[in-house]
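# Survey of secondary and tertiary structure
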Amino acid sequence: MLSKAQNDLVTQCGPGTPGGKLLRSYWQPIATDEEMPIGGHPLPLKVMDEELVLFRDDKGRLGLIGLHCAHRGTDLSYGRVENGGLRCLYHGWLFDINGQCLDQPAEPDDKKFCHKVRQTSYPVQQKGGAIWAYMGEGQAPLIPDFQFLAASEEKRMAFRVIQHCNWLQGLESSIDPSHVSYLHRLSAGPVDGSLPGSNARMFSEDPYPRLDIENTSFGVRIHALRKMANGENYLRVNNYLYPNGTTPASSEPPPVSGYQGRWYVPIDDTKHARFEFVYQHKKLDKEGFAKTRNQNVAPDLRHVRRMENRYLQDREEQKRDDSYTGMGRHAPTHDAFAIETAGEIQDRTQEHLGSTDIVIIEVRKALLGAMKQMQATGEAPGLLRNPAQNTFPDFICTGDYIPDGEDGPAYCRRVLGVGPGGGPNKVAAE
Ligand code: FES
Ligand SMILES: [Fe+2]
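Residue numbers run consecutively from 1 along every chain, following the written order of its sequence. Each chain gets a letter, beginning with A, and each ligand a number, beginning with 1, in the order they are written. Only residues with pLDDT of 70 or above have their local features reported here, since the model is predicted, and side-chain atom pairs are shown and tallied only from 80 upward, although totals for entire chains, interfaces and linings are computed over all residues.

### Considering the overall build of the protein chain
Helix and strand definitions follow DSSP, with helices as H or I runs of at least four residues and strands as E runs of at least two, each counted in order from the N terminus. The helix and strand inventory of the protein chain stands at 10 helices and 19 strands. Over its C-alpha atoms, taken along the principal directions, the protein chain stretches across nearly 85 × 50 × 45 Å. Exposure in this text rests on C-beta crowding, where 20 or more other C-beta atoms within 10 Å of a residue's own make it buried, 12 or fewer make it exposed, and counts in between make it partly exposed. The C-beta atoms are placed from the backbone. Burial statistics for the protein chain: of 430 residues in total, 42% are counted as buried. Each residue is represented by a C-beta atom placed from its backbone, and any two residues with such atoms within 7 Å are regarded as in contact. Considering only contacts in the protein chain between residues 6 or more positions apart, those separated by 24 or more positions represent 59%.

Okay, structure coming up:
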């Protein structure tokens, strides 16, 4: 449970708020590469309560500038890409990718003042299939070279989907190890009564995992250990990444094929974009992933099953032993149901946390601690400024069977070949 003041701190994203300042200290994904092809159209975006337009100029260079024209506010995303920038349709003012006004054709030559006019603009970079923006103050840090972002293209792909609730509800669903035993129960395999290869067994046979949490250079590592009916010990290792990222391992029997990186980027305080970076150790079946995604995400980038249609819940389907929710088998849809129905901004003064909510508690502490650290030192935790340190030797994301008597932290030390806090990143190596 949080106080009202704490809940405000961890959920607000606007400019000038402590949470907004923290989020802005890191690069944030704002669109996928797919959405911004060379020759594509300007894309209006709202990011952390700021209205922006992402565009490519006529040389193909990316720019992220304020949505409303500095002249009299018209929406620039309707504008024309030409003459080295984006031209407003209202009176023809032209802005380059840095927001600099290059031309004011409606002004007589001796009255032009375009050198004095500049739109808000932010630096952007492409990485891991997405376009990232740095909206903070001062010098931008590095975008982290996590394996799922830096791997060769055939092993990864990126999606985004828009969810109608505060970003922290999304993050908290992704770091929550225990909900998988319920919400996603029997979510693998076809909805036809048969369950070949279902992941359910690993999660449903032990409904309350033993949890161990360790602080790392990049956030928090989460170990969830379950005892299977046949005596095997199933360990799932996921991560929280400062300040709004997570990596959940694929929920399949070991050896797992990969995992996902996720970022929950606020659109405003009551909506967010969930970025999904799918990564597999071997070549990724991109067509298969895209097909599943297109079946479940509508052209407006929201889930097909959404609050307005009560997530198309089918009570008959729910009576079968292969459906817990009655909402199909797409796990991200289940998550959307769970987080959106908690309210636009969950009132955490009213919740009752249990022992398996320890990860939620620790991550909230980490977020509040990061805000305090920023206030005291001006620097957020885990920011990377030295390329030589952009390596993450303590990063691991996997599911595995482990020997009796071993716990999650001991397993990670054994597999990574290091003590806590450093060493070669064997698991993350290509
Ligand atoms: S409002 Fe954009 S040029 Fe006038
Ligand atoms: Fe989930």
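### Points about the confidence of the model for the protein chain
Confidence per residue, as judged by the predictor, is encoded in pLDDT with a range of 0 to 100. Across the protein chain, the average pLDDT comes to 92, with 93% of residues at 70 or higher. Within the model, the stretch residues 188-197 combines pLDDT values under 50 with 18 contacts to residues more than four positions away or in other chains.

### Description of the nonpolar core
In plain words, the nonpolar core is the set of buried Ala, Val, Leu, Ile, Met, Phe, Trp, Tyr and Cys residues that C-beta atoms within 7 Å link up. Counting residues in hydrophobic clusters, the biggest one holds 84 residues, and the most contacted among them are Ile30, Val47, Leu52, Leu54, Ala133 and Val265. The split into domains, and so the bounds of each, comes from an automatic or database assignment of domains. Split by domain, this core shows at least three residues from each of two domains, domain 1 (28-133) and domain 2 (147-416). If we skip the residues at most four places from it in the chain, Leu52 touches Leu45, Val47, Leu64, Ile65, Gly66 and Leu67. Counting 7 residues, the second-largest nonpolar core is a separate cluster that includes Cys165, Tyr311, Met327 and Ala336.

### Observations concerning the domain arrangement of the protein chain
Assigned domains within the protein chain: domain 1 (28-133) and domain 2 (147-416). Contact with domain 1, which involves 12 residues of that partner, is made by 14 residues of domain 2. Within the residue set of the side of domain 1 that touches domain 2, elements represented by two or more residues are β1 (28-32) and β2 (43-47). The greatest single-element share of the side of domain 1 that touches domain 2, amounting to 4 residues, is contributed by β1.

### Points about the pairing of strand β10 (residues 124-127)
A strand pair is defined by DSSP finding two or more bridges across the two strands. Summarising the sheet, β10 and strand β11 (residues 130-133) pair through 4 bridges and their orientation is antiparallel. Each bridged residue has a counterpart across the sheet, and for Val124 the counterpart in β11 is Ala133. In this structure, the hairpin formed by β10 and β11 is closed by a connection of 2 residues, where Gly128 is found at a positive phi of approximately 65°.

### Focus on the sheet that holds β10
Pairing within the open sheet is antiparallel, and its 3 strands lie in the order β1-β11-β10. Each of the sheet's edge strands pairs with one partner strand only, and the pair in question is β1 and β10. With strand direction ignored, the average angle separating the axes of adjacent strands in the sheet is 35°. Where β1 lies against β11, 4 bridges are found, and the strand directions are antiparallel. Across the sheet, Pro29 pairs through a bridge with Trp132, a residue of β11. Axis lines are fitted to C-alpha atoms, over the contacting stretch for helices. Their N-to-C directions set the angle, which ranges from 0 to 180 degrees.

### Some points on the packing of helix α1 (residues 4-11) against helix α9 (residues 358-377)
Two elements in contact, α1 and α9, have axes separated by 10 Å at closest approach and are oriented at 80°. In terms of axis orientation, α1 runs roughly perpendicular to α9. Contacts between α1 and α9 involve Gln6, Leu9 and Val10 from the first element and Arg364, Leu367, Leu368 and Met371 from the second. Orientation categories follow fixed angle ranges, with anything under 35 degrees roughly parallel, anything over 145 roughly antiparallel, 65 to 115 roughly perpendicular, and all other angles oblique.

### Topic: the sheet that holds strand β7 (residues 94-95)
What the 4 strands build is an open sheet, ordered β5-β6-β7-β8; its pairing is antiparallel. In this open sheet, the two edge strands, each paired with only one partner strand, are β5 (80-82) and β8 (101-103). Pairing between strand β6 (residues 85-87) and β7: 2 bridges, direction antiparallel. Following the sheet pairing, Arg87 is matched in β7 by Leu94.

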